[in-house]
Amino acid sequence: MSTRANPRPETLRWQELDHRHHLHPFTDYKDMLAKASRIIVKAEGVYLWDSEGERLIDGMAGLWCVNMGYGRKELAEAAYRQMLELPYYNTFFQTATPPPIELGKAIAEVTPKGLDHVFYANSGSEANDSVVKIVRYFWKLQGKPDKSIFISREFGYHGVTMAAASLSGLKPMHPQFGLPLPGFAHIETAYWWRQGGDMTPEDYGLKAARALEAKILELGPERVAAFIGEPIHGAGGLIVPPMSYWPEIERICRKYDVLLISDEVICGFGRTGNWFGCQTFGVTPDLMTVAKGLSSGYLPISAVVLGPRVADALNRAGEEFVHGFTYSGHPTACAVALENIRLMHAETIVERVRNVIGPYFQKKFAALADHPLVGEVRGKGLLCGIELTADKKTRRNFDPEGKVGLACRNHCFRNGLIMRATRDTMLASPPLIIKESEVDEMVAKFRTCLDLTLKDLPTIGLKS
Ligand code: PXG
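Residues numbered from 1 in each chain as written. Predicted model: local features only at pLDDT ≥ 70, side-chain atom pairs only at ≥ 80, totals over all residues. Heavy atoms only, no water.

## A look at the site of the ligand
Near the ligand there are 16 residues, and of these Trp64, Gly124, Ser125, Asp263 and Arg420 occur at the shortest range. Within the side chain of Ser125, one N or O atom sits 2.5 Å away from an oxygen atom of the ligand. When isolated, the ligand has an accessible area of 540 Å², and the protein chains bury 83% of it. Residue assignment for the shell around the ligand shows that the elements contributing at least two residues are helix H3 (61-64) and helix H6 (124-141). Of the residues forming the shell around the ligand, the biggest block, three residues, is contributed by H6. Of the residues that constitute the shell around the ligand, the class distribution is six nonpolar, six polar and four charged. (Near = heavy atom within 4 Å. Polar contact = N/O pair within 3.5 Å; in protein donor to acceptor, adjacent residues only side chain to side chain. Areas by Shrake-Rupley, 256 points an atom, 1.4 Å probe, with all protein chains shown as cover. Helix = DSSP H or I, 4+ residues; strand = E, 2+ residues; numbered from the N terminus. Nonpolar A, V, L, I, M, F, W, Y, C, P; charged D, E, K, R; others polar.)

## A closer look at the nonpolar core
Ranked by size, the top nonpolar core spans 101 residues in total, and within it Phe227, Phe365, Leu388 and Phe446 carry the most contacts. Each of domain 1 (38-71 + 349-459) and domain 2 (73-346) accounts for three or more of the residues forming this core. Beyond its immediate stretch of four places on either side in the chain, Phe446 contacts Phe365, Leu368, Ile386, Cys408, Cys412, Leu417, Met419 and Met426. Counting residues in hydrophobic clusters, the runner-up holds 27 residues, among them Phe150, Leu167, Phe184 and Ala313. (Core = buried A, V, L, I, M, F, W, Y, C linked by side-chain atoms within 4.5 Å. Buried < 20%, exposed > 50% of the residue type's maximum accessible area, 1.4 Å probe, protein only. Domains from an automatic or database assignment. Contact = heavy atoms within 4.5 Å.)

## Digging into the domain arrangement of the protein chain
Looking at the assigned domains, one finds that the protein chain contains domain 1 (38-71 + 349-459) and domain 2 (73-346). Domain 1 and domain 2 are separated by 26 Å when their C-alpha centres are compared. Of all residues in domain 1, Trp64, Lys380 and Arg395 give up the largest surface area on contact with domain 2, accounting jointly for 24% of the area buried on that side. At the boundary of domain 1 with domain 2, the tally comes to two salt bridges. Measuring nitrogen to oxygen at the nearest pair gives 2.1 Å for the salt bridge that ties Glu401 to Arg194. Linking domain 1 to domain 2 there are 23 residue pairs in polar contact (both at pLDDT 80 or more). For the side of domain 1 that touches domain 2, the secondary-structure elements that each account for two or more residues are H3, helix H14 (349-366), strand E11 (374-380), strand E12 (383-388), strand E14 (420-422) and strand E15 (425-428). The element that contributes the greatest number of residues to the side of domain 1 that touches domain 2 is E11, accounting for five residues. For the side of domain 1 that touches domain 2, the per-class residue count stands at 17 nonpolar, twelve polar and ten charged. (Buried area = accessible area lost by both parts, 1.4 Å probe. Salt bridge = Lys/Arg side-chain N within 4 Å of Asp/Glu carboxyl O.)

## Considerations on the packing of helix H5 (residues 98-110) against helix H13 (residues 331-346)
When two helices pack together, their arrangement is given by the angle between their axes and by how far apart the axes lie. Taken N-terminus to C-terminus, the directions of H5 and H13 make an angle of 35 degrees; their axes are 8 Å apart at the nearest point. The way H5 lies across H13 gives a crossing that is left-handed. Where H5 abuts H13, its residues Pro99, Pro100, Glu102, Leu103, Ala106, Ile107 and Val110 lie against Pro331, Cys334, Ala335, Ala337, Leu338, Ile341 and His345. When grouped by side-chain class, the residues that make up the contact of H5 with H13 number twelve nonpolar, one polar and one charged. (Axes fitted to C-alpha atoms, helices over the stretch in contact; angles between N-to-C directions. Left-handed = near helix turned anticlockwise from the far one by under 90°.)

## Structural notes on the sheet that holds strand E8 (residues 259-263)
Remark on secondary structure: sheet strands pair via backbone hydrogen bonds, oriented parallel or antiparallel. The strand order across the open sheet built from seven strands is E4-E10-E9-E8-E7-E5-E6, with neighbouring strands paired in mixed fashion. At either end of the open sheet lies a strand with only one pairing partner, and these are strand E4 (117-121) and strand E6 (184-187). Strand-to-strand twist in this sheet, taken as the mean axis angle between neighbours without regard to direction, amounts to 20 degrees. Pairing between strand E5 (residues 149-153) and strand E7 (residues 224-229): three bridges, direction parallel. Within E7, the position partnered with Phe150 by the bridge is Ala226. Strands in contact with H5 are E4 and strand E10 (302-306); relative to E4, the strand with the most contacts, it is inclined by about 125 degrees. (Pairing = 2+ DSSP bridges.)

## Re unusual backbone geometry
A cis amide bond, omega 0 degrees, links Leu179 with the succeeding residue Pro180. Here Pro180 is to be found in the loop between helix H7 (162-167) and E6. Here the bond from Asp399 into Pro400 is cis, since omega is 0 degrees, no more than 30 degrees from zero. Mapped onto the elements of the fold, Pro400 is located in the loop between E12 and helix H15 (403-414). Of note in the backbone geometry, Ala61 takes a positive phi value of approximately 45 degrees without being a glycine. As for its position among the elements, Ala61 is in helix H3. Residue classification places Ala61 among the buried residues on the basis of a relative accessible area of 0%. Backbone geometry at Ser296 places phi at a positive 50 degrees, although glycine is not the residue there. Here Ser296 lies in the loop between strand E9 (287-290) and E10.

If you want it as structure tokens, here you go:
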């Protein structure tokens, strides 16, 4: 089953069992059964090793989450200590354990002013599901039960539960499940490369933000509960809005009393060079959702962070908030997240992303703009999207979309580099602890892969 010449016996065994018993997420199973899985067996720093002993540089930090890098003994030891002391106890029935209490304080210390209360969950999807409930309940408490509609954006990714998938604006996520649910509306996002036409990015940013105002007026401000967006779209194609966009979104939300939610699942915890992506764009949301980098992915944990308006309303409601998970505030996951934040402070990682490694990474990737396949290189901090194009001048997409991106991603895998492709945009989001020499290695490998992809164009039935 392995594609290699002489795969090791354990590789063959795992590949066979994987096919026999394991249904992977977001996977075409029929296609997968015709191929062999790559089995990752260990990792250190920014490197992974597969079961054949091949080393790969992880340009995606797992799935945008292993921010402090692999092999951090401090995080493993925090989990070990907590497991021996108290592996699990719940936070229901007016009970708590020390780790979620201490973590709440540590989160409040790094979030924008006023965002001081946390509600814990286990994944980004659960945090976004929880924020839908919290916001709808908030408006009920205000005597406005009809203020219940959520507005989000095309290309947005907010997770996979029924509500989080309804918030998501990636079209393939809906038809298999009868989604979006009623009460979820979508607007155009600020995707200048595709949708900006002749406008300057800044003018286009304002125009795109005003799509929110038009939607609020169409639905009626008295029916719109909240707007949610990722400061920079991740899975949807690393779409970076012009700087004019978010402040205009914030102004519109305030004007119509619509709550502003920042989905910080990817952008949070240093990824864009500030603790949170909303700070990079100069706005203060009413609520944020966080996950991934909160624990550097070492254990599953997420949270909704609430600003004073919503937190005060919940605290004063005088009745039970009927929502919560067995593992809300899981002590071991919280202990790891707490140690992760301590490490981030100790290594001044956010400052390093903002002032040192982020600018270095952006400069090195920006230099790829001279490649014939590259249309736009966009990013902030340690996020970068490289949009491949059929025509640099007219910004024309390849038709059909996705084949060139897939070919490029496959070249990356074969050349020891992990990057993601969304349509024909290549995505990079390495661990925040990446060194300059490792950035150089990523970029050199990636350029080789762009060259190989360019050579492939005739064979994949596309012309440049
Ligand atoms: N919000 C954002 C912004 C995300 O990126 C979620 C919510 C959901 O988190 P959970 O923990 O429920 O997966 C995410 C997750 C990809 C990819 O292919 C991206 C995510 C998850 C899986 C794959 O880029 N982001």
